Amino acid sequence: MTHKTGLPVVAVLGNPNSGKSSLFNYLTGMRQDVSNFPGVTVDKKNASMVLPSGKSIQIIDFPGTYSVFPNSAEEKLVINTITNPSDPNFPDAVLYVADVTQLDRHLLFATQIRDLGFPMVLILNMVDIAETSGIKINQEVLENYLGCKVILTSVRTEKGMNEIMPALDIMLANNMRPDHTLYQLSDKENTVAAAVAAMLETTNLYRAKLIAHHIEWLNYLSPTQKEGIIKINKAEDFNDIRYQVLETMNRFGHHSPIVNKTTAKCPTSGKTWTDKIDNWITHKIWGPIIFFTIMLIVFQSIYSWAELPMEWIEKGFAMAGSFLNDHLQDSWWSDLLINGVLAGLGGVLVFVPQITILFLLIALLEESGYMSRVVYMFDSIMQHLGMNGRSMVSLISSGACAIPAIMATRTISNQKERLITILVSPLISCSARLPVYAVLIGFVVPDVKIWNVINLQGLAFMGLYLLGIIGVIVSSLFFKKILKSESTSYLMIELPNYKPPIWKNVFLLVKEKVLSFIIGAGKIILLISMILWFLASYGPREKMQQSVVSAEKYSIENGLNDDEKSHLIASYKLESSYIGHLGKFIEPAIKPLGFDWKIGIALLTSFAAREVFVGTMATIYSVGNDSDEMTIRQKMAAEMRPGTNIKIYNPASALSLLVFYVFAMQCMSTLAITRKETNTWKWSIVQFSYMGILAYLGAFTVYHLLS
Amino acid sequence: MNLGIMPKTKVTMVRKSPFGGAFYIKIDNIQMAMRESEANTIFIQDIV
């Protein structure tokens, strides 16, 4: 068999919740390489490893699979790969991971893998939990039945982990393939399989049977092969669902007694820990209350824990900027480096603390088993909105950043539900909107307390979040109506037993996601901020020179000091730059919302990332970059509409601007991620347009109601 | 069936979800969540 890397491929297979991925993470550690399986957005994690004998192998972690009769796109991918010997990921051997406390169910897929003729090592995982619940394991019975090596492990206590690599070595060296199949094909299956095997020139009858069974969607057969096999199926009246039931029952009938001999169970006494916890956590009334409390704690910790590191990053970049400013000669490239590249880089990295904390907390909730309870509790609400219980996870993540939220939609198997979740997630107010809210909210709501406790501005903050949630509800209902569904929706998930998280695994998960944010979103933000830098630094030559002259003249007339003068020049320059012209160009369009061209510029620059709004305002009102939000606010408060004494930032226009920021899709990175996850720009454009329309209408309504 | 819900398996409905629609079901020693429609299919396969 030839593979791209030339190395033998060992596939890690097993049921969902078998601890398969934790085991893979443990074995491969930092050597992982994450990519996509060809043509689908299913993460393919693989790693090159060296066995004790010095032999190199490639280990691939496949999506969790219940059996060779798939229910989801991810499971279909697995079956497509393991039934096609010319697939580059086709395994030479299998490391099968089963949860020993669920052995009966987890063995179904194992016996099928074995009958497909793969050399296999069976890992019975979670022996620590089995031991504490009084299960005794006798693996020899199982070894004899399956004809393969069985290893008892626990990723948590590291038991048996060092036996895995040597066992792989022995297996690969001896190429230990099973000599008989566990499942005897019925006469009909045999006839069909023999005909298919002859046509495809394969010797494994069980594989031939599966190909006949799944002929409708297997993706590697030629049209002629497909036609031929469909003909065979018709001629023999090979009714697939009946044979699936037959095979599954037959397999369980054979291995269930073996499992009973392997694992001697003590009679379980009454309710387990999980039952007791679930009595509260999934309770009709307490369940949602506990959920919202947990969410409150999560967000509170994101904001409070991230504050300090974010400050450090900001200060670090400011220091680096001023250091370079002092030590580099004034030229266009040093300006690009400082105000384009460095500023862009800072804009990405400043979010890393928040995102890391969010991912950490979500990973903990997921590892402990809580997330599947959330899916269960909120499924029906999400159903009304055309989404799935799993969408809840995305919407929660969106509170920090829409990018990881959109990435998390991969677990939703129904295409329509997934698409709606992707489209509406950015409406939840993310952390980048916060600085904007902070600057503007003072113009709408006074900083007073009701009953000395509740801060009115805090209440307004909550209102903005609520507005985002209302936006989610309205638009998901809209998309539910207009989008067509291709597949049926279903929900069937295991609610795994609660268990303490494996820290190494959590750490790896967080690291992987944070890196993919920095690299994925970082590239785009950097590019956009460089383009914006260009647009803001350059303009028609004459006008640019003129602006400097008039700024200098104004400074002399009014006796400004050097600092004030340079801020003024920057402000005048911005006005005559390309982006200043753009701002003036769009002014007629945004005037009905109560915005002037200066806000127009900020709206345009916000496209790199929303929080750029504050920096742009600082430049426009020539207060310098290092000033705080209060100074900018004072400047803005004094701003009058030219020729009148109407304030630009009155409650009406400020609220209109706030509403605009709640709804508008001003985030290049999110659009890029949507493109990546849906494989077409179409949905990015849809997302951009519908959110834009929502923002415009919302702002328009608010402005005209208030003014 | 792939999940190992075999004939003669003891299936207990533990509770309904807070907002309706989904069931918390216990099958032998495992907990599962599913919608009414899926729960119905199990019943049918149970008879097979």
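Residues numbered from 1 in each chain as written. Chains lettered and ligands numbered in written order. Predicted model: local features only at pLDDT ≥ 70, side-chain atom pairs only at ≥ 80, totals over all residues. Heavy atoms only, no water.

### Describing the overall build of chain B
The helix and strand tally for chain B stands at one helix and three strands. Starting at the N terminus, the α and β elements of chain B follow one another as β-β-β-α. Counting across all 48 residues of chain B, residues that qualify as buried make up 52%. Considering only contacts within chain B whose residues lie at least 6 apart along the sequence, 14% involve residues at least 24 apart. Carbon and sulfur atoms provide 59% of the accessible area of chain B, an area that totals close to 2400 Å². (Helix = DSSP H or I, 4+ residues; strand = E, 2+ residues; numbered from the N terminus. Buried < 20%, exposed > 50% of the residue type's maximum accessible area, 1.4 Å probe, protein only. Contact = heavy atoms within 4.5 Å. Areas by Shrake-Rupley, 256 points an atom, 1.4 Å probe, with all protein chains shown as cover.)

### A closer look at the pattern of salt bridges
All names here are of chain A. Under the definition given, this model contains 14 salt bridges over all chains. Between Asp-61 and Lys-20 there is a salt bridge, and its shortest N-O distance comes to 2.8 Å. Taken together, the residues Asp-61 in strand β4 (residues 56–61) and Lys-20 in helix α1 (residues 20–28) connect sequence positions 41 residues apart. On the basis of relative accessible area, Asp-61 is assigned to the buried category, the value being 6%. Judged by its relative accessible area of 4%, Lys-20 falls in the buried class. The salt bridge involving Asp-115 is made with Arg-251; its shortest N-O contact spans 3.0 Å. Taken together, the positions of Asp-115 in helix α3 (residues 103–115) and Arg-251 in helix α10 (residues 240–262) put the pair 136 residues apart, joining distant regions of the chain. (Salt bridge = Lys/Arg side-chain N within 4 Å of Asp/Glu carboxyl O.)

### Details of helix α30 (residues 681–706) of chain A
Residues and elements named next belong to chain A. Between its first and last C-alpha atoms α30 spans 37 Å; for 26 residues at 1.5 Å apiece the expected length is 38 Å, and the two agree. For α30, the full list of buried residues reads Trp-683, Ser-684, Gln-687, Tyr-690, Met-691, Ala-695, Gly-698, Ala-699, Val-702 and Tyr-703. Summarising the contacts, the buried residues of α30 are in contact with α17 (402–407), α18 (415–424), α20 (456–482), α28 (651–663) and α29 (668–678). (Expected span 1.5 Å × (residues − 1).)

### Notes on the confidence of the model for chain A
Mean pLDDT over chain A stands at 83; residues scoring 70 or higher make up 92%. The weakest mean pLDDT in chain A belongs to strand β2 (residues 33–36) of chain A at 66; the strongest belongs to strand β1 (residues 9–14) of chain A at 94. (pLDDT = per-residue confidence, 0-100.)

### Considerations on the packing of aromatic side chains
Residue and element names in this part refer to chain A. Scanning the model with the defined rule gives 15 aromatic pairs over all chains in all. With 5.3 Å between their ring centres and 50° between their planes, Phe-90 and Phe-118 make a pair best called tilted. Here the residue Phe-90 occupies a position in the loop between α2 (73–82) and β5 (93–99), and Phe-118 occupies one in the loop between α3 and β6 (120–125), the gap between them amounting to 28 residues. Taking relative accessible area as the criterion, Phe-118 reaches 2% and is therefore assigned buried. Consider the rings of Phe-479 and Tyr-690, whose centres lie 4.9 Å apart with planes at 90°: the pair is edge-to-face. Residue Phe-479 is found in helix α20, and its partner Tyr-690 is found in helix α30; the two are separated by 211 residues along the sequence. In this pair, the class of Phe-479 matches that of Tyr-690, namely buried. By the ring-pair criterion, three or more aromatic residues cluster together here, those being Trp-533, Phe-534, Tyr-538 and Tyr-578. The ring of Tyr-498 has Arg-373 lying over it, and the distance from NZ or CZ to the ring centre is 4.2 Å. (Phe/Tyr/Trp six-rings, centres within 6.5 Å; stacked < 30°, edge-to-face > 60°. Lys NZ or Arg CZ within 6 Å of the ring centre and 35° of its normal.)

### Quick word on the interface of chain A and chain B
In many analyses, interface size is given as the accessible surface area lost on bringing the parts together. Facing the 40 residues of chain A at the interface are 26 residues of chain B. When the two sides are added together, the surface that chain A and chain B hide from each other amounts to roughly 3000 Å², 57% of it contributed by carbon and sulfur. Among the residues chain A hides against chain B, the three largest losses belong to Lys-284, Tyr-376 and Met-492 of chain A. Together they make up 22% of the total. The tally of links from chain A across to chain B stands at one salt bridge. (Buried area = accessible area lost by both parts, 1.4 Å probe.)

### Comments concerning the sheet that holds strand β2 (residues 22–27) of chain B
The four strands lie next to each other as β12(A)-β3(B)-β2(B)-β1(B), forming an open sheet whose pairing is antiparallel. The open sheet has two free edges, formed respectively by β12 (492–494) of chain A together with β1 (11–16) of chain B, since each of these has just one partner strand. When the angles between neighbouring strand axes are averaged without regard to direction, this sheet yields 25°. (Pairing = 2+ DSSP bridges. Axes fitted to C-alpha atoms, helices over the stretch in contact; angles between N-to-C directions.)

### Describing the packing of α18 of chain A against α30 of chain A
All names here are of chain A. Here α18 crosses α30 at 50°, and the two axes come no closer than 10 Å. It follows from the interaxial angle that α18 and α30 lie oblique. For the crossing formed where α18 meets α30, the hand is right-handed. Counting all contacts with α18, which are made through Leu-419, Ile-422, Leu-423 and Val-424, the residues of α30 involved are Trp-683, Val-686, Gln-687, Tyr-690 and Met-691. Grouping the amino acids of the contact of α18 with α30 by side-chain chemistry returns eight nonpolar, one polar and no charged. (Parallel < 35°, antiparallel > 145°, perpendicular 65-115°, else oblique. Left-handed = near helix turned anticlockwise from the far one by under 90°. Nonpolar A, V, L, I, M, F, W, Y, C, P; charged D, E, K, R; others polar.)

### Description of the side chain of Thr-605 of chain A
Residues and elements named next belong to chain A. Note that Thr-605 resides in helix α25 (residues 597–605). Engagement of the side chain of Thr-605 in a polar contact is seen with the backbone oxygen of Ala-602, the distance being 3.1 Å. Setting aside chain neighbours within four positions, we find Thr-605 in contact with Leu-532, Ile-579, Val-612 and Thr-616. (Polar contact = N/O pair within 3.5 Å; in protein donor to acceptor, adjacent residues only side chain to side chain.)

### Examining the pairing of β2 of chain B
All names here are of chain B. Here β2 lies mainly inside the structure; six of its six residues are buried. Residues Ala-22, Tyr-24 and Lys-26 point to one face of β2 and Phe-23, Ile-25 and Ile-27 to the other, with burial holding for every one of them. With five bridges connecting them, β1 and β2 associate as antiparallel partners. Pairing of Met-13 across the sheet is with Ile-25, part of β2. Remark: five residues form the turn of the hairpin made by β1 and β2, two consecutive strands paired antiparallel; Gly-20 in that turn has positive phi of roughly 75°. The pairing of β2 with strand β3 (residues 30–35) spans six bridges and is classified as antiparallel. Bridging from a neighbouring strand, Ile-27 pairs with Ile-30 of β3.

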